[in-house]
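# Descriptive analysis of the structure
The residues making up each chain are set out below.
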Amino acid sequence: DKQHVAGGSLDSGALYVADLDGKNEQKIPINRQASGTNAVWSPDGQHVALVEDARTSSQAKLSVVGLDGTAAKVLTPDTMTVEQVAWSADSHWLAFVATTIQAKGSKAMGVYLAPADGSGSLQTVVAPGPTQLSDLQWFSDSQRLLYYEILRTNTTATYTIRSVKRDGSQSHAV
């Protein structure tokens, strides 16, 4: 948020946030059963989205913690492994790329949307499929997403930049 710095160790079970000058340090409790957290600030500077790798499985969950010390809310089910997360410009939504295990054991990547406050259910924006998805970003109006879609075959890879409305409609190559 350009006013704070965050850091810490999951072994300590806390994320530490301070002003850029190091003053006003605040301890924010997080999941002690995780490691390898990636923290992403909300545009309004009030929350941090955390991608936490569970120590007991290969799952990486998405949670949100408030800078006011509000306890972390886990936003994703155990069946997903979160790869990347992006805040909407209005700080109301989190879009994320996640991998799920399909019926025959194959992995599939999709783009999902969660209300940042943890209310409501997850929405599928891009259905899970055999393509690799990356570089997820929001348009400034918080209505559309932009991402890379990479389709690999035995001999080639096709890279496409795609745009999609947050409800999953109007998907097209850019």
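Residues numbered from 1 in each chain as written. Predicted model: local features only at pLDDT ≥ 70, side-chain atom pairs only at ≥ 80, totals over all residues. Heavy atoms only, no water.

Across the sheet, which stays open at both edges, the 4 strands sit in the order S12-S13-S14-S15 with antiparallel pairing between neighbours. Every interior strand has two partners, whereas the edge strands, strand S12 (132-138) and strand S15 (172-173), have only one. (Pairing = 2+ DSSP bridges. Helix = DSSP H or I, 4+ residues; strand = E, 2+ residues; numbered from the N terminus.)

You can see Thr 99 is positioned in strand S9 (residues 93-101). Setting aside anything within four residues of it in sequence, one finds Thr 99 in contact with Thr 79, Met 80, Thr 81, Glu 83, Lys 107, Ala 108 and Met 109. (Contact = heavy atoms within 4.5 Å.)

Turning our attention to the pairing of S9. Of all 9 residues in S9, 8 are buried, a share of seventy percent or more. Counted along the chain from strand S8 (residues 80-87) to the antiparallel partner S9, the turn is 5 residues long, and its residue Ser 91 has a positive phi close to 65 degrees. Linking S9 to strand S10 (residues 107-115), which pair antiparallel, is a turn of 5 residues; within it Gly 105 sits at a positive phi near 90 degrees. (Buried < 20%, exposed > 50% of the residue type's maximum accessible area, 1.4 Å probe, protein only.)

This structure, assessed with the given rule, holds 1 salt bridge. In this structure, Asp 78 and Lys 61 form a salt bridge, with 2.4 Å as the shortest nitrogen-oxygen distance. Separated by 17 residues along the polypeptide, Asp 78 in the loop between strand S7 (73-74) and S8 and Lys 61 in strand S6 (residues 60-66) bring together distant segments of the chain. Residue Lys 61 is classed as partly exposed on the basis of its relative accessible area of 24%. (Salt bridge = Lys/Arg side-chain N within 4 Å of Asp/Glu carboxyl O.)

Hydrogen bonds along the backbone pair up the strands of a sheet, which may run parallel or antiparallel. Sheet architecture is open: 4 strands sit in the order S8-S9-S10-S11, paired in antiparallel fashion. The strands lining the two open edges of the sheet, one partner per strand, are S8 and strand S11 (123-129). Between one strand and the next, the sheet's axes are offset by a mean angle of 15 degrees, whatever the strand orientation. Here S9 runs beside S10; their pairing, made up of 9 bridges, is antiparallel. Considered in S10, the bridge of Ala 98 is made with Gly 110. (Axes fitted to C-alpha atoms, helices over the stretch in contact; angles between N-to-C directions.)

Another aspect to go through is the nonpolar core. Counting residues in hydrophobic clusters, the biggest one holds 16 residues, and the most contacted among them are Leu 62, Val 85, Leu 94 and Phe 96. Listing elements by their share of this core, those giving two or more residues are strand S5 (47-54), S6, S8, S9 and S10. Examining the composition of this core, we find that 4 residues originate from one element, S8, more than from any other. The next biggest cluster of nonpolar side chains, apart from the first, holds 15 residues, and it includes Ala 86, Ala 95, Leu 133 and Tyr 147. (Core = buried A, V, L, I, M, F, W, Y, C linked by side-chain atoms within 4.5 Å.)

To continue, consider the side chain of Ser 163. Along the chain, the position of Ser 163 falls in strand S14 (residues 157-165). Among the polar contacts listed, one links the side chain of Ser 163 to the side chain of Arg 144, at a separation of 2.8 Å. Residue contacts for Ser 163: discarding those within four places in its chain leaves Phe 139, Arg 144, Leu 145, Leu 146, Gln 170, Ser 171, His 172 and Val 174. (Polar contact = N/O pair within 3.5 Å; in protein donor to acceptor, adjacent residues only side chain to side chain.)

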